[in-house]
Number of protein chains: 2
Amino acid sequence: MPTASTRVPQQERSRATQARLLEATVECLIEHGWSGTTTTVVAARAGVSRGAQLHHYPTKAALVTAAVAHLAERRADELRTEAEALPAGPQRLDRVVDLLAMAFTGPLFVAALELWVAARTDRELRNALVPLEATVGREMHRLTVALLGVDERRPGVREAVQATLDLLRGLGVANLLSDDSARRAALLTTWKRQLATLLTP
Amino acid sequence: MPTASTRVPQQERSRATQARLLEATVECLIEHGWSGTTTTVVAARAGVSRGAQLHHYPTKAALVTAAVAHLAERRADELRTEAEALPAGPQRLDRVVDLLAMAFTGPLFVAALELWVAARTDRELRNALVPLEATVGREMHRLTVALLGVDERRPGVREAVQATLDLLRGLGVANLLSDDSARRAALLTTWKRQLATLLTP
């Protein structure tokens, strides 16, 4: 029977191995897309033996689903950290929209998009992803409301936040194959003014 | 040397073969996604010999790029046909937004999204797709301006049309894995009112 002192390092090692595998999965998705992401490539990239990889995540769907949860947490953490530096006052809304736009055009969005598109035609991945994405979507909405410091019980606020996130998702896709930043910046300048009006009591 | 009478049917047959291959490619993308779309599967689905397929489109990238152009034309044609039945007057804007929302959640959008995502990590496809998508994007913008019957030289009109298309693209992605129609309808009700204000001189 393992003692408490041997059990704890073992759990820590397991967690560290899992974290390395999930990071490597996200990197693989960004670099090679869904079809180029195989469990073998991920294990090699993470420096984890094939046996250990199979022990923690027996299938590609299991590995990738765990990576999505990890990815969503990383996206939310990044946003929260960056948001700490934001000013209060009237400039805040503009900066929050800029932060969100960065999140929706960054590598973590790209990795998530690879999975959404793959899940459309992959039942196992889809079954794992759909409930998770519902949670992630709600969390992103809540985080945006908190960053903007608005009260969702006021009429129109909920819809304005939703439209902002849907617009940013569309802009993220528009940025996939070529640099759309100039057009996006101009469009968001207009959107920020509209949003300020929609959110002002 | 072929006479004019033998040449014409031959050209017609070639065009018919090409059209069948392109339709089969689009259907394959919708049903099986990018990774499940192979030139062999497409040729079989189209009822075209492997030799004829290779004659018209020697690579997957060539086949798929031609299918994108075909796809874009089909999307624009569908919109134009449906737009003919639209009323003039104040209801028109709402109906145009509904038509566009259908286009961005329909099978042809899904096929295009498969290609955009695949092209991110596939240089050959990307090189073929980027110039084509620029044209398609401009055409979609022009068509929306025409359907709405607005004057783009007025300040704010161009940005409002762009924001509508980017929002609809985001809503299309949100609809990929589950039916988002109830949320989308509510959000678009609000958006139509905003758009009417932005477009009214």
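Residues numbered from 1 in each chain as written. Chains lettered and ligands numbered in written order. Predicted model: local features only at pLDDT ≥ 70, side-chain atom pairs only at ≥ 80, totals over all residues. Heavy atoms only, no water.

Going by an unreviewed UniProt entry, chain A carries the name Transcriptional regulator, TetR family and comes from Micromonospora lupini str. Lupac 08.

Undergrad: Talk me through the overall build of chain A; I want residue IDs and the actual numbers.
TA: Broken down by element type, chain A carries nine helices and zero strands. Starting at the N terminus and ending at the C terminus, chain A contains elements arranged as α-α-α-α-α-α-α-α-α. Once the C-alpha set of chain A is aligned to its principal axes, its extents read approximately 65 × 40 × 30 Å. Among the 201 residues that make up chain A, the fraction classed as buried is 47%. Carbon together with sulfur atoms contributes 55% to the accessible area of chain A, which is approximately 9700 Å² in total. Across chain A, the 25 positively charged side chains and the 22 negatively charged ones have centroids separated by 3 Å. (Helix = DSSP H or I, 4+ residues; strand = E, 2+ residues; numbered from the N terminus. Buried < 20%, exposed > 50% of the residue type's maximum accessible area, 1.4 Å probe, protein only. Areas by Shrake-Rupley, 256 points an atom, 1.4 Å probe, with all protein chains shown as cover. Lys, Arg positive; Asp, Glu negative; His and termini not counted. Charge placed at Lys NZ, Arg CZ, Asp CG, Glu CD.)

Undergrad: If you had to explain the UniProt feature "DNA-binding region" (unreviewed entry) in chain A to someone new, which residues and values would you point to?
TA: Mapped onto this numbering, the UniProt entry gives "DNA-binding region" (unreviewed entry) at residues 38-57 of chain A. Between the end C-alpha atoms of residues 38-57 of chain A the distance is 12 Å, and the span holds 75% helix and 0% strand. (UniProt positions renumbered as here; feature names shortened; annotations may be inferred.)

Undergrad: Tell me about helix α7 (residues 123-148) of chain A, residues and numbers included.
TA: Residues and elements named next belong to chain A. Counted at 1.5 Å a residue, the expected span for α7 with its 26 residues is 38 Å, and the 37 Å between its end C-alpha atoms agrees. When we look at burial in α7, the residues that qualify are Leu125, Leu129, Glu133, Val136, Met140, His141, Leu143, Thr144, Val145, Leu147 and Leu148. In this structure, the buried side of α7 is in contact with α4 (60-84), α5 (91-105), α6 (107-120), α8 (157-174) and α9 (181-199). Within two residues after α7, Gly149 carries a phi angle of roughly 65°, on the positive side. (Expected span 1.5 Å × (residues − 1). Contact = heavy atoms within 4.5 Å.)

Undergrad: An account of the relation of the copies chain B and chain A is needed here, citing residue identities and associated values.
TA: Overlay of chain B on chain A (RMSD 0.0 Å): rotation 180°, translation along the axis 0.0 Å. Classification of the inter-copy transformation places it as that of a two-fold axis. Comparing contact sets, 100% of the residues at the interface of chain B also lie at the interface in chain A, consistent with an isologous, same-surface contact. (Least-squares fit on C-alpha atoms with pLDDT ≥ 70 in both.)

Undergrad: Before we move on, can you summarise the nonpolar core with the specific residues and values?
TA: The biggest cluster of nonpolar side chains holds 126 residues, and the ones touching the most others in it are Leu113(A), Trp116(A), Leu113(B) and Trp116(B). If we ignore the near neighbours within four places in the chain, the residues touching Trp116(B) are Val173(A), Leu176(A), Leu177(A), Phe109(B), Leu129(B), Glu133(B) and Arg169(B). (Core = buried A, V, L, I, M, F, W, Y, C linked by side-chain atoms within 4.5 Å.)

Undergrad: Describe in detail the packing of aromatic side chains, supporting the description with residues and values.
TA: The description of an aromatic ring pair uses the distance of the two centres, along with the angle that the planes make with each other. All names here are of chain A. Taken as a whole and assessed by the stated rule, the structure comprises five aromatic pairs over all chains. For the ring pair Phe109 and Trp116, a centre distance of 5.9 Å and an interplane angle of 75° mean the geometry is edge-to-face. The pair Phe109 / Trp116 is uniform in exposure class, with both members buried. One aromatic cluster in this structure is built from Phe104, Phe109 and Trp116. (Phe/Tyr/Trp six-rings, centres within 6.5 Å; stacked < 30°, edge-to-face > 60°.)

Undergrad: Please set out the UniProt feature "domain: HTH tetR-type" (unreviewed entry) in chain A residue by residue, giving values where relevant.
TA: Within this structure's numbering, the places UniProt gives as "domain: HTH tetR-type" (unreviewed entry) are residues 15-75 of chain A. For residues 15-75 of chain A, the end-to-end C-alpha separation is 20 Å, with 80% helix and 0% strand making up the annotated structure.

Undergrad: So what about empty space enclosed by the protein? Which residues, and what values?
TA: Scanning the entire structure with this criterion turns up three cavities of 30 Å³ or more. Roughly 60 Å³ of internal volume is contained in the largest cavity. Around the largest cavity, the lining residues are Val68(B), Leu71(B), Ala72(B), Arg75(B), Ala112(B), Trp116(B), Glu133(B) and Val136(B). Among the elements that take part in the lining of the largest cavity, helix α4 (residues 60-84) of chain B stands out by supplying four residues, more than any other. Partitioned by chemical class, the residues of the lining of the largest cavity number six nonpolar, no polar and two charged. In this structure, the second largest cavity occupies an estimated 40 Å³ of space. Every residue along the wall of the second largest cavity is listed here: Val68(A), Leu71(A), Ala72(A), Arg75(A), Ala112(A), Trp116(A), Glu133(A) and Val136(A). Elements that contribute at least two residues to the lining of the second largest cavity include exactly α4, α6 and α7 of chain A. The leading source of residues in the lining of the second largest cavity is α4(A), at four residues. When the residues that make up the lining of the second largest cavity are grouped by side-chain class, the tally is six nonpolar, no polar and two charged. (1 Å grid on protein atoms, 1.4 Å probe; cavity = no way out; pocket = protein on both sides within 12 Å on 5 of 7 lines; lining within 4 Å. Points joined across faces, edges and corners; volume = space filled by probe spheres on them. Nonpolar A, V, L, I, M, F, W, Y, C, P; charged D, E, K, R; others polar.)

Undergrad: Let's hear about the side chain of His70(A): which residues, and what values?
TA: Residue and element names in this part refer to chain A. Assignment of secondary structure puts His70 in helix α4. His70 gets classed as buried once you look at its relative accessible area, which sits at 19%. The residues touching His70, leaving out its near neighbours within four places in the chain, are Leu22, Glu23 and Val26.

Undergrad: An account of the pattern of salt bridges is requested, with residue identities and associated values reported.
TA: Residue and element names in this part refer to chain B. This model, assessed by the stated rule, comprises 26 salt bridges over all chains. Measuring nitrogen to oxygen at the nearest pair gives 3.3 Å for the salt bridge that ties Arg80 to Asp77. Of this pair, Arg80 and Asp77 both sit in helix α4, separated by three residues, roughly a single helical turn. By relative accessible area, Arg80 is classed as partly exposed at 37%. The closest approach of N and O atoms between Arg158 and Glu152, which form a salt bridge, is 3.2 Å. (Salt bridge = Lys/Arg side-chain N within 4 Å of Asp/Glu carboxyl O.)

Undergrad: Describe the packing of α8(A) against helix α8 (residues 157-174) of chain B, with residues and values.
TA: Relative orientation of the contacting elements α8(A) and α8(B) amounts to 90°, with a least axis distance of 7 Å. As the angle between them shows, α8(A) and α8(B) are arranged roughly perpendicular. Along the contact surface, α8(A) presents Ala163(A), Asp166(A), Leu167(A), Arg169(A), Gly170(A), Leu171(A), Val173(A) and Ala174(A), while α8(B) presents Ala163(B), Asp166(B), Leu167(B), Arg169(B), Gly170(B), Leu171(B), Val173(B) and Ala174(B). (Axes fitted to C-alpha atoms, helices over the stretch in contact; angles between N-to-C directions. Parallel < 35°, antiparallel > 145°, perpendicular 65-115°, else oblique.)

Undergrad: Explain the packing of α4(B) against helix α5 (residues 91-105) of chain B to me, using residue names and the numbers behind them.
TA: All names here are of chain B. The contact between α4 and α5 brings their axes to 11 Å, and the two run at 150°. In terms of axis orientation, α4 runs roughly antiparallel to α5. Here α4 runs over α5; the crossing is right-handed. Contact with α4, carried on its side by Arg75, Leu79, Glu82 and Ala83, involves Arg92, Leu99, Leu100, Ala103 and Phe104 of α5 and no other residues of that element. Split into classes, the residues belonging to the contact of α4 with α5 amount to six nonpolar, no polar and three charged. (Left-handed = near helix turned anticlockwise from the far one by under 90°.)

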